[in-house]
Every structure is written in structure tokens, then in C-alpha cells.
Amino acid sequence: MSAVCNKKRENVKKLASAVSMIAASALVLSACGSGEGGDSGEDYLACMVSDSGGWDDQSFNQSGREGMTAAKKNLGVEEQLAESQGDADFGPNVDNMVQQGCNLTFGVGFLLEDTIQEAAEANPDLNFALIDSTFSDADGNPVTIDNAKPVVFNTAEAAYLAGYVAAATTDSGKVGTFGGIQIPSVTIFMDGFADGVDKFNEDNDEDVKLLGWNKDKQDGSFSGDFENQGQGQELTKQLISQGADIIMPVAGPVGLGAAAAAKEAEDVKLVWVDSDGYESTEYGDIILTSVVKQIANAVEDTVEEGMNDEFTSEPYVGTLENEGVGLAPYHDFDDEVPDEVKDKVDELKQQIIDGSLTVESESTPK
């Protein structure tokens, strides 16, 4: 049994024996067929463990899986997927991947940091990658692990643009946001969104209010997890009752609860996150735009690096400049976003890319 299962962790119960490990893992492991494609990847096994919320979360888990699907199709690699129903599944799922001999194992989400880090340190002959988080020591200081790559995104940059658009198009003069859990990969969206609203106010001598997040105090509204859609619905109703008519939920599947509440209220729009919500959800008709992370592309690129023996521990950081993050089209609301606002957003985007404008957040990946 690997060190992942032997080491006592806060959120994972120690498994008593290899037999119990296999039994627990069997409940959560989704075995997939062999890869399709060229001979170059047929002996390379790429694996992925989801965060809670499942593969069909219409958010970051789903985007990660899409990257694996693309790698399987385009590179011809083998794949294994393990879906986590909760924190207790992380250890068994990752350990099962180690037992399978996965050449590269991804953990999707900040909450898998400890599990992926422990597995990487215990298995230096295998490679690992962590989506949405870097690695750190017991004191929270960044550390580099030779066989583990952080895959992170400076979503504050794209959320800044979304905040500007939201402030420019609100009818009520109030916009809102809330998160799932107060972790860096969530609050970075909220910080950028807040600064975008402030930029619009500064440029236009307006006073659009942001509800649900105070960047200076790093304090706001959170559902407490990434699963409870009912809580997302309730938080959204509260923001609507306070006057918000554009809301950005940063909460994975909990955002679907927000969408249901917005749809019911009418005349309320959403800014989606991670994927283009117009394409990935059934609520496209109320989605103003989306703050997109190109997780799938980053996953496929990382698999290709590993397959070609070019894997490194250097972090992948998605930015506006490298198109790792971006603002989705306005889709059904394209005619409602004034041309001068579109032009200003393009101008701000270019300023961020050329470095003349820096979007700051306590959670900006280093």
C-alpha cells in the first residue's frame, strides 16, 4: 500500500489493508476503454481524479475530463478516471491510480492539494499534476516538487473584464457574486470582478454597487461547498432581493442553483465561470458572458509533455496573454452590450496583456 493511504490525513480515513483499499476505490473508480490513436501514446497511462461535484458539473471537473478525452483521441494515450463523491474519496482514488501505475495523475481542484502532494513525494518515479492550486509546506510556503506540476489560472484578469461589463450593463445599479468555499481559486474570480466594477465606476463617475464580496476585507458570501444547489439558489435570491440584477456564482454545480433562481426572477442575468455557460448549461438565455479557464487545453498539453518525456515541475499559469483564460462571447446579449463598452473591454484586455494594467489579487498564482 502506498504512502498516501498509510499517512494519516484530516479528511481521509486510514484504510486497514490493501483489500479494504481496493474495495473502497472500486466504488468510485470509473474505468475507461483503451486509447484511440497513434502508437506514440498507446503505452502511456494518463489518469484523473475529480473533486466533489462529479464529471458532469458543467464546470471545472467537466473541463478537466474534456482535456483527458482530447488527449485520448488526439494523442492515443490510455486513460483512467476516478470520480470523487466527497473528500474521503480523494486518498483512495489517488492511491488507486498509483497502484495502476499511471504515468501521470491529475487532481482536479484546490482540495486535492494535500493528497496529490503526498502521492508525488512518495512516488518520485510517477508524475502528477494539480489543477487550480500550487503546492505548499506545512507553513503554507510554496514548494517545488520535481515530479508534480501546478496547473493554475490567473482568472482575476478575465473576471476584471466581466466586472466591467456587468457594471456597464446593470439596470439596477447593483451586481452580485458569491463563492462555493473561500479558497484562492474561488476568491481570485471575486477579486477581479470587484476591481472591474470599480474601474467602470472610476471611468464613468458612476456608483454601481457590488454585493456579496468585499475585496479589501476579503469577506463575502459562500455556500460552503460545491454541491448544494439549494444553497446557491438561496444565496442568489438574497442578492436579488437586495437589488442585484447581474450575479456571478463561483461555485461549480452550486451555480446551477443560482441559475434556477435567476431564471425564476426574470430580468436577472448571470456571469458563469470556468466554462462558457452558454454552451455548457441549459441557462444560456440568461448568461451575459462567462469567465473561462481553458482547463481542457492545459490538461491535453500537460499529457503531451509527459508522453514526450518533457514533463517539468514548472507551473502552467493561464493568462489573457497566453489565452489560458478569457471572456466568452455575449451570445444572446450581444446587442445589449453597447459598442463603446465592447471597445473599452478590448482596450482593457490589451492593457492587461501588454502589462500597462495589472489586476491584483491576494490569490494571484505566482
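Rules behind the numbers
Residues numbered from 1 in each chain as written. Predicted model: local features only at pLDDT ≥ 70, side-chain atom pairs only at ≥ 80, totals over all residues. Heavy atoms only, no water. pLDDT = per-residue confidence, 0-100. Contact = heavy atoms within 4.5 Å. Disulfide = S-S within 2.5 Å. Helix = DSSP H or I, 4+ residues; strand = E, 2+ residues; numbered from the N terminus. Buried < 20%, exposed > 50% of the residue type's maximum accessible area, 1.4 Å probe, protein only. Salt bridge = Lys/Arg side-chain N within 4 Å of Asp/Glu carboxyl O. Pairing = 2+ DSSP bridges. Axes fitted to C-alpha atoms, helices over the stretch in contact; angles between N-to-C directions.

Considering every residue of the protein, the mean pLDDT works out to 89; 89% of them sit at 70 or more. Scored below 50 in pLDDT, residues 1-39 shows 75 contacts in the model against residues more than four places distant or in partner chains.

Turning next to the state of the cysteines. Summed over all chains, the structure comprises one disulfide. Shown here is the disulfide that connects Cys47 with Cys102, its sulfur atoms set 1.9 Å apart. The sign of the -80° torsion about the S-S bond sets the Cys47-Cys102 disulfide as left-handed. Placement of Cys47 in strand β2 (residues 45-49) and of Cys102 in the loop between α4 (90-100) and β4 (104-108) is noted, with a sequence separation of 55 residues between them. The burial state of Cys47 is the same as that of Cys102; both residues are buried.

According to the stated counting rule, one finds ten salt bridges in the structure shown. A salt bridge links Lys263 to Asp285; the nearest nitrogen and oxygen atoms lie 2.3 Å apart. Residue Lys263 is found in helix α9 (residues 254-265), and its partner Asp285 is found in the loop between α10 (277-280) and β13 (287-293); the two are separated by 22 residues along the sequence. Judged by relative accessible area, which is 38%, Asp285 ranks as partly exposed. Linking Lys342 and Asp334 is a salt bridge whose minimum nitrogen-to-oxygen distance equals 3.1 Å. On the basis of relative accessibility, which here comes to 18%, the residue Lys342 falls in the buried class. Exposure remark for Asp334: the relative accessible area of 32% places this residue in the partly exposed category. It is possible to trace a salt-bridge network through shared partners that takes in Lys199, Asp203, Lys344 and Glu347.

As a further point, take the sheet that holds β13. One open sheet accounts for six strands, arranged β8-β7-β11-β12-β13-β15; its pairing is mixed. The sheet is open, and its two edges are formed by β8 (209-211) and β15 (325-327), each paired on a single side. Mean inter-strand twist for the sheet, computed between neighbouring axes without regard to direction, equals 15°. Pairing between strand β7 (residues 174-179) and β8: three bridges, direction parallel. Bridge pairing links Gly176 to Leu211 in β8. Across the sheet, helix α8 (residues 229-241) touches β7, β8 and β11 (246-250), and the angle it forms with β7 is around 160°.

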